[in-house]
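Residue-level structural notes
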Amino acid sequence: MSIKKTTIQIIGSGILQDDVLMVGESLLRKWKISAGHPVQLAFGSFRQEVTVISVPRYSGLRVGSVLARKMGIHSNCQLRVTYSRGRRTLRVGPLISVLVSRDYPEQPDKPFGSITLFCHELVGECRRQGAYVYFFTPEHIGSQPGRVQGWVYDGSWKKTVMPAGDVVNNRLTSRKLENRTSVQHFMKEVKSQYGTTIFNEKFLDKNEVFDALKSNSSLRKYLPESHLLQTFAVFKKMCNQHPTVFLKPVRGSLGKGIMRISKQTDGTFSVLSTTAGAPRKKTYANVDKLYKSLAGKMKTTRFQLQQGLTLIDHGKRPVDFRALVQKNATGTWTVTSIVARIAGGSHFVSNLARGGTLSTVKEALAKTTLPAAIKSNGLLSLKTAALNIASGVEKAIPAHFAEFGIDLAIDSTGHIWLLEVNSKPSKNDNTPLNDQKTRPSVKKMIEYCRHSAGFK
């Protein structure tokens, strides 16, 4: 078995038949393959039986241009190659497919809009690690089994027909797109027929996460009281029991549609709602009138009711923390980064989309009145909580995940709380505070793809 990077060289048309593969003699000796021996060549979902020809004093593979085109390879590259004697299969890869929400063909230099830079980073890191990546959208999924149209980068962005990858990274940002029949059928088909690994394969609902973690005694300490809003009785109990309660759309993101309900000393209830501008404030005489005002929203949106917390703050601006937790080259959960997020201006949520700003954890904790011991151990405690929660979610929810954006908070006593777990973390919110050309999160993502595809 060879897992080092191996040169894949394309030979011009007419020189090499498309059912012949030229292999360096050193590799043939290592794999104990006889020249003239038929083997199955695999690249993602692509499979073809080929006859092997030995190449003296060479340590790579040479393929004809017709065969290369079928594989989706359009220029010489360096990939990893493994051979299974039992299956007589020569695997080239890993081939990584990234499923994104949309493309912009009319913008050849920026075909994926705001995430084009992220896609460029993936291409560069794949070349460094000996992997092949392409990008596709739900619109590119056709009726041809195991094949999709995809974008590859070879000096410029080009569209071509590609096999399904060894790994599919689901980066869809819309539940509507993810639930399309064609998308669900594609994911089911490639998993069952080609053994494709799909990670981040589903969105997480807020109440789904909290309900799943409640059964884990070691994680309950991180969970504020939380309920799916279904009855007036539960709503009334929460509003009377806690000075502040948050009402969050179960399927919300970027801080949209969140309401902060605060009970006043005169018995009235003040409600702050997130908007594109400053938060909107309304006051209700009692809990009954407040609940009735939500009736219209509850018909179209499911809400999670969550206990409010007295968080550490910067000048009365709430502070929370976003941990990016990813699986690494051995399939183990690790913390890639943790940043502090400070709510912007009059906002009560810290999302960058709502004007929040980033800070390092150390700087954020230094400006609080927390005891020195909590400040010094804060980063380690946040990392421990994030790793425990990631492991807990994976065990409790039946889906394949490889990265989470985990939002945590620290209250005025130093206690750590879970706010939310996001299975499709933004590539902006969790960017470490440095100017590295390739983010650590991108490197780790490709390392995990190699691991899960068997090219360790």
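Rules and cut-offs
Residues numbered from 1 in each chain as written. Predicted model: local features only at pLDDT ≥ 70, side-chain atom pairs only at ≥ 80, totals over all residues. Heavy atoms only, no water. Buried < 20%, exposed > 50% of the residue type's maximum accessible area, 1.4 Å probe, protein only. Helix = DSSP H or I, 4+ residues; strand = E, 2+ residues; numbered from the N terminus. Arc of directions from axis to C-beta. Contact = heavy atoms within 4.5 Å. Pairing = 2+ DSSP bridges. Axes fitted to C-alpha atoms, helices over the stretch in contact; angles between N-to-C directions. Phe/Tyr/Trp six-rings, centres within 6.5 Å; stacked < 30°, edge-to-face > 60°. Lys NZ or Arg CZ within 6 Å of the ring centre and 35° of its normal.

**Some details on helix 7 (residues 232-241)**
Every buried residue of helix 7 is listed here: Phe235, Met238 and Cys239. The arc enclosing the buried residues of helix 7, seen along the axis, measures out at 95 degrees, which places them on a common side. Against the buried residues of helix 7 lie strand 14 (226-228), strand 15 (244-249), strand 16 (259-263), strand 17 (269-273), helix 8 (287-293) and strand 19 (303-307).

**Some details on the environment of Ala343**
Looking at the element boundaries, Ala343 is found in the loop between strand 22 (333-342) and strand 23 (357-359). Among the residues examined, Ala343 registers a relative accessible area of 0% and is labelled buried. Put simply, Ala343 and Asp320 are 23 residues apart on the chain and 8.4 Å apart in space, counted from C-alpha to C-alpha.

**Let's talk about the sheet that holds strand 1 (residues 5-11)**
Reading around the barrel, the 7 strands line up as 1-5-2-4-3-7-6 and close back on themselves, with mixed pairing between neighbours. Strand-to-strand twist across the sheet, computed as the mean angle between neighbouring axes with direction ignored, equals 40 degrees. Bridge analysis of strand 2 (residues 20-24) against strand 4 (residues 46-55) gives 5 bridges, and the strand direction is parallel. Counted as the bridge partner of Val23 is Ser54 from strand 4.

**Examining the sheet that holds strand 14**
The 6 strands are arranged 14-19-15-16-17-18 in an open sheet whose pairing can be described as antiparallel. Of all the strands in the sheet, just strand 14 and strand 18 (280-284) have a single pairing partner and so form its edges. Strand-to-strand twist across the sheet, computed as the mean angle between neighbouring axes with direction ignored, equals 20 degrees. For strand 17 and strand 18, the ladder comprises 5 bridges, and the chain directions are antiparallel.

**Quick notes on the packing of aromatic side chains**
Applying the stated criterion to the full structure yields 14 aromatic pairs. Ring centres of Trp31 and Tyr83 lie 6.1 Å apart, and the angle between their planes is 35 degrees; on these two criteria the pair is classed as tilted. Remark: Tyr83 occurs in strand 6 (residues 77-84) and Trp31 occurs in helix 1 (residues 25-31); sequence separation between them is 52 residues. The pair formed by Trp31 and Tyr83 is uniform in burial state, with each residue classed as buried. Ring geometry for Phe232 against Tyr291: centres 5.1 Å apart, planes inclined by 65 degrees, an arrangement best described as edge-to-face. Here Phe232 is found in helix 7, whereas its partner Tyr291 is found in helix 8, with 59 residues between them in sequence. Every member of this aromatic cluster is reached through a ring pair, and the members are Phe112, Phe135, Trp151, Tyr153 and Trp157. The ring centre of Tyr58 lies 4.2 Å from the NZ or CZ of Arg62, which sits over that ring. The side chain of Lys424 reaches across the aromatic face of Phe203, ending 3.9 Å from its centre.

Remember, this is a structural readout, not a statement about activity or role.
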